[in-house]
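# Examining the three-dimensional arrangement
The chain contents come next:
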Amino acid sequence: MRIKRLNGMFTVATQLELSKIQKLAEKGYKTIICNRPNGEGADQPDFDEITRIASNFGLKTVYIPIQLGGASAADHTAFARAIEEMPKPILAYCRSGTRSATLWSHWEQEMSEHQGQERRVSAMQAGGLAPGNTSIEGRRALAPTRGGAPQAPREGDVTEMRRRA
């Protein structure tokens, strides 16, 4: 399972593993959104089983299955409602994380284009912060998206940062 934090309250992930649900709760997540339809692949547990285990650790769950063909208007509405109403931080997953990230991107765009800025700010401020871009075991899950691998600062960089501070 790989996770990628999109902002302080929302993270996307690949297929959720049952054995990782307790770790999600320990890391501070409050809600799990499933964007993968039951039975889509042999590698996935049934959402009812995820809900049962998640509830044992105090996690809320939301089932918004998105078919491979794309999300409908009703799917977008349900996703927006979950983002705005469910406890944060939220982890949304599907097979690769793409459908969850696409839904998030659509919600962000709708909030900025249709005077939803107040709703967006309210949703993002409610709740705790999601852990960073790591696997649930704490190992880095994804390579940096910009600039390649992180590098230690050079001596001149440290001096320059101190001057600006």
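Notes on the structure follow.

Reading guide: rules and limits
Residues numbered from 1 in each chain as written. Predicted model: local features only at pLDDT ≥ 70, side-chain atom pairs only at ≥ 80, totals over all residues. Heavy atoms only, no water. Salt bridge = Lys/Arg side-chain N within 4 Å of Asp/Glu carboxyl O. Helix = DSSP H or I, 4+ residues; strand = E, 2+ residues; numbered from the N terminus. Buried < 20%, exposed > 50% of the residue type's maximum accessible area, 1.4 Å probe, protein only. Pairing = 2+ DSSP bridges. Axes fitted to C-alpha atoms, helices over the stretch in contact; angles between N-to-C directions. Contact = heavy atoms within 4.5 Å.

### Here we look at the pattern of salt bridges
Close approach of charged atoms allows side chains of opposite charge to pair. In total, this model carries 3 salt bridges according to the counting rule given. Arg99 is the salt-bridge partner of Glu40, the closest N and O atoms lying 2.8 Å from each other. Of the two residues, Glu40 is situated in the loop between β3 (31–34) and α2 (47–56) and Arg99 in helix α4 (residues 98–113); the sequence distance between them amounts to 59 residues. Residue classification places Arg99 among the buried residues on the basis of a relative accessible area of 13%. When salt bridges that share partners are traced, they join Arg36, Glu40, Asp43 and Arg99 into one network.

### Remarks on the sheet that holds strand β4 (residues 60–63)
If you walk across this open sheet you meet the 5 strands as β1-β2-β5-β3-β4, and the pairing is mixed. Edge positions in the open sheet fall to β1 (3–7) and β4, since each of these has one partner strand only. Shown here is a sheet whose adjacent strand axes are inclined to one another by a mean of 20 degrees, direction ignored. Where β3 meets β4, 4 bridges bridge the pair, whose relative direction is parallel. In the strand pairing of β4, Thr31 is matched with Lys60. Across the face of the sheet, α2 comes into contact with β3, β4 and β5 (90–93) while running at roughly 165 degrees to β4. Relative to β3, helix α3 (residues 73–85) is tilted by about 170 degrees, and along the sheet it contacts β2 (10–13), β3, β4 and β5.

Take it as geometry only, folks, not as evidence of what the structure does.
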